[in-house]
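Coordinates in review
As a plain string of letters, each chain reads:
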Amino acid sequence: MSAYRTAARLFPGCHLANQCIGMEFLRTNKLQTALVSFNHAQKINPKDCLVYNEKGVVYYKTKNYDEAIKFFGKAQELCHDEN
C-alpha cells in the first residue's frame, strides 16, 4: 500500500496508483474508503473502464444495485469504445 501511496504522490496526473489503492481497500472490505480512491482515480482519468467496474463492485457489495448497474454499464460502454 505504501508503494501505491508513494506513486500517487510522485505521479499526481496518473490515476493508476489511486485505482490500485482502491482495489486494496476493496479487497479488505473497506468499501467507503475504496470508493474515495476510485472517485479520485475517475477524476484523473474518466475514460478508464476498470475504475467504473470497480465502483460497480463497491455499490454491489453495499447492496446499492441501481448504482452498481449504472457503473457496470458505463464500464462496458467504455470498454467497447476502446476496441
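Observations concerning the packing of helix H2 (residues 16-27) against helix H4 (residues 49-61)
- Packing of H2 against H4 brings their axes to within 11 Å, and their N-to-C directions diverge by 20 degrees. Between H2 and H4, the interaxial angle falls into the category roughly parallel. Crossing of H2 over H4 shows left-handed handedness. Residues Gln19, Met23 and Leu26 of H2 lie in contact with H4, whose contacting residues are Leu50, Val51, Glu54, Val57, Val58 and Lys61.
- Looking at the contact of H2 with H4, its residues break down into six nonpolar, one polar and two charged.

Considering the packing of H2 against helix H3 (residues 31-44)
- For the pair H2 and H3, interaxial distance at closest approach is 8 Å and the crossing angle is 165 degrees. Our classification of the angle between H2 and H3 gives roughly antiparallel. When you trace H2 past H3, the crossing you get is left-handed. Along its contact with H2, which presents Asn18, Gln19, Ile21, Gly22, Met23, Phe25 and Leu26, the element H3 presents Leu31, Thr33, Ala34, Ser37, Phe38, His40, Ala41 and Ile44.
- Grouping the amino acids of the contact of H2 with H3 by side-chain chemistry returns nine nonpolar, six polar and no charged.

Observations concerning the confidence of the model for the protein chain
- Across the protein chain, the average pLDDT comes to 94, with 98% of residues at 70 or higher.
- Looking over the protein chain, one finds the lowest element-wise mean pLDDT in helix H1 (residues 2-10), namely 90, and the highest in H4, namely 98.

Some points on the nonpolar core
- Leu26, Ala34, Phe38, Tyr52, Val58 and Tyr59 are the most contacted members of the largest nonpolar core, which totals 19 residues.
- Contributions of two or more residues to this core are made by H2, H3, H4 and helix H5 (65-82).
- Setting aside anything within four residues of it in sequence, one finds alanine 34 in contact with Gly22, Phe25, Leu26 and Val58.

Let's talk about the packing of aromatic side chains
- Applying the stated criterion to the full structure yields three aromatic pairs.
- Consider the rings of tyrosine 52 and phenylalanine 71, whose centres lie 6.0 Å apart with planes at 25 degrees: the pair is stacked. Residue tyrosine 52 is found in helix H4, and its partner phenylalanine 71 is found in helix H5; the two are separated by 19 residues along the sequence. One exposure class covers both tyrosine 52 and phenylalanine 71, and it is buried.
- Ring centres of tyrosine 59 and phenylalanine 71 lie 5.4 Å apart, and the angle between their planes is 20 degrees; on these two criteria the pair is classed as stacked. Remark: phenylalanine 71 occurs in helix H5 and tyrosine 59 occurs in helix H4; sequence separation between them is twelve residues.

The rules we used
Residues numbered from 1 in each chain as written. Predicted model: local features only at pLDDT ≥ 70, side-chain atom pairs only at ≥ 80, totals over all residues. Heavy atoms only, no water. Axes fitted to C-alpha atoms, helices over the stretch in contact; angles between N-to-C directions. Helix = DSSP H or I, 4+ residues; strand = E, 2+ residues; numbered from the N terminus. Parallel < 35°, antiparallel > 145°, perpendicular 65-115°, else oblique. Left-handed = near helix turned anticlockwise from the far one by under 90°. Contact = heavy atoms within 4.5 Å. Nonpolar A, V, L, I, M, F, W, Y, C, P; charged D, E, K, R; others polar. pLDDT = per-residue confidence, 0-100. Core = buried A, V, L, I, M, F, W, Y, C linked by side-chain atoms within 4.5 Å. Buried < 20%, exposed > 50% of the residue type's maximum accessible area, 1.4 Å probe, protein only. Phe/Tyr/Trp six-rings, centres within 6.5 Å; stacked < 30°, edge-to-face > 60°.

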